[in-house]
Every structure is written in C-alpha cells, then in structure tokens.
Amino acid sequence: MNKKILIMIALLSLSYNVMAQKINEKELMGSWHMVIDIDAAIKESEKDLNLFEKMLVGSVSGFVDQVLEMVDITIEFLPKGKALLTVDGPDVQEKEVTELTWRHDASGGITIDDYESDQAQVDFDSIWRLEGDRLQSYEADGTLEKHVYMIRKEK
C-alpha cells in the first residue's frame, strides 16, 4: 500500500514538473517577429515524396519562401489580452496595424485571434508557448510546429 502511494506521489510530482508553466504576462509584453521557415519544413517533408512531387514542391517552395522573406509580420503584445498585429511588405500599400486579442489556455500557453483583410490573412490556430527566447507554435493536440515561431524584436 505504501509503495503504491509513493509511486502515485512520484508520478504526480513528475507530471507537475513536465506541465508547461503559464506564460507570465510581463515576459510576453513587447514586439515579436513571426518566423515561418518554409525551406526547412519542405526539406523535412520531401523525404516521403516521389520524384514528381519533389519537383512540384521545389518549384513552388522558392516562390513562397521569397514572399515570406519580404513580408514582415509583427505582434506587439499589450497588457490585458490585447495585441497589435502589423503586416508590412513591398505589396502592402499601407502598413496595416490591427488590434487582436490573446488569452491563456489550459496548457499554460496562449492563443491568438486570427486575422483576415483584403491584403493579408494570418491564422493563429496554434497554441504558443514561451520556450527560452522564442514563442514556439504547437498544434492543438500538442504537436510541435518547429518551423513556426516568434522571436522578440530588438528595441
């Protein structure tokens, strides 16, 4: 009986340490640049493609990567669940600044509202967790999206 109780306590303490800590609002405040590493994602997924699929993906990936390099997506996190999304790039006539909302989720991360306009669409259907110096994207099921993250912009 004592052995079972000790095992239960050990498992509970282990699971408590593994659980993600809630993001501290003060750590989140400021401007973050979104990074979408298309090249790395494509190289990783090419392993399972046939020759024709690799050719097709290769021809499109360079274009998509160039477009993403020209577009700057920045989120400035503000107190009380507010954020400012800025989308800027060569085809954007005016730098768009839109107010979004964010909230903590049960896993300790945050979720951000999606954004759509005539010039841009940004889907934030991920859970974002603070890991070191970056906000890392995770799918709703907890799967890491290692090629999508945010880094803090220098002031």
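Residues numbered from 1 in each chain as written. Predicted model: local features only at pLDDT ≥ 70, side-chain atom pairs only at ≥ 80, totals over all residues. Heavy atoms only, no water.

Student: Before we go on, may I ask you to explain the overall build of the protein in this structure?
Tutor: Scanning the protein from N- to C-terminus turns up 4 helices and 10 strands. Along its sequence from the N terminus, the protein presents helices and strands in the succession α-α-β-α-α-β-β-β-β-β-β-β-β-β. Within the protein, residue pairs in contact and separated by at least 24 positions form 43% of the contacts whose partners lie at least 6 positions apart. (Helix = DSSP H or I, 4+ residues; strand = E, 2+ residues; numbered from the N terminus. Contact = heavy atoms within 4.5 Å.)

Student: Is there a simple way to explain the side chain of T74 in this structure?
Tutor: Residue position: T74 is located in strand β2 (residues 72–78). Of note is the side chain of T74, whose polar atom sits 3.3 Å from the side chain of D72. In this view, T74 contacts S31, W32, L84, L85, T86 and K153; residues no more than four positions away in its chain are not counted. (Polar contact = N/O pair within 3.5 Å; in protein donor to acceptor, adjacent residues only side chain to side chain.)

Student: Would you mind going over a negative patch on the surface with me for this structure?
Tutor: Taken together, the side chains of D114, E116, D123, D125, E139 and D141 present a region of like negative charge at the surface. Along the polypeptide, D141 turns up in the loop between β9 (134–138) and β10 (144–152). Since its relative accessible area comes to 59%, D141 is described here as exposed. (Patch = residues over 30% accessible without salt bridge, like charges linked within 9 Å, V, L, I, M, F, W, Y side chains within 5 Å. Areas by Shrake-Rupley, 256 points an atom, 1.4 Å probe, with all protein chains shown as cover. Salt bridge = Lys/Arg side-chain N within 4 Å of Asp/Glu carboxyl O. Lys, Arg positive; Asp, Glu negative; His and termini not counted. Charge placed at Lys NZ, Arg CZ, Asp CG, Glu CD. Buried < 20%, exposed > 50% of the residue type's maximum accessible area, 1.4 Å probe, protein only.)

Student: Looking at this structure, how should I read the nonpolar core?
Tutor: For soluble globular proteins, nonpolar side chains are generally found buried alongside one another. Grouped together as the largest cluster of nonpolar side chains are 19 residues, with contacts concentrated most on F77, I112 and M150. Counting only elements with at least two residues in this core, the list comes to β1 (30–36), β2, β3 (82–88), β4 (96–104) and β5 (110–112). Those residues within four positions of I112 in sequence are excluded, and the remaining contacts are I75, F77, L100, T101, W102, F124, W128 and M150. (Core = buried A, V, L, I, M, F, W, Y, C linked by side-chain atoms within 4.5 Å.)

Student: Help me understand the packing of aromatic side chains in this model?
Tutor: Pairs of aromatic rings are described using the distance from one ring centre to the other and the angle between the two planes. The tally for this structure, following the rule as stated, stands at 1 aromatic pair. Aromatic pair F77 and W102: ring centres 6.2 Å apart, planes at 80°, arrangement edge-to-face. One end of the pair, F77, is in strand β2; the other, W102, is in strand β4, with 25 residues separating them in the sequence. One Lys or Arg, R129, reaches over the ring of Y138 and ends 4.5 Å from the middle of that ring. (Phe/Tyr/Trp six-rings, centres within 6.5 Å; stacked < 30°, edge-to-face > 60°. Lys NZ or Arg CZ within 6 Å of the ring centre and 35° of its normal.)

Student: What am I meant to see in the pattern of salt bridges here?
Tutor: Applying the stated criterion across every chain, the model contains 3 salt bridges. E99 is the salt-bridge partner of K82, the closest N and O atoms lying 3.8 Å from each other. With K82 in strand β3 and E99 in strand β4, this pair connects stretches of sequence that are 17 residues apart. By relative accessible area, K82 is classed as partly exposed at 34%. The partner of R103 in a salt bridge is D113, with the nearest N and O atoms 3.1 Å apart. Residue R103 is found in strand β4, and its partner D113 is found in the loop between β5 and β6 (115–116); the two are separated by 10 residues along the sequence.

Student: Can you walk me through the pairing of β1 in this structure?
Tutor: On a regular strand, one side chain projects to one face of the sheet and the next to the other, so that they alternate. With 4 bridges joining them, β1 and β2 adopt antiparallel strand pairing. By the bridge assignment for β2, G30 is matched with F77. Sheet analysis places β1 next to β10, joined by 5 bridges and oriented antiparallel. Considered in β10, the bridge of H33 is made with I151. (Pairing = 2+ DSSP bridges.)

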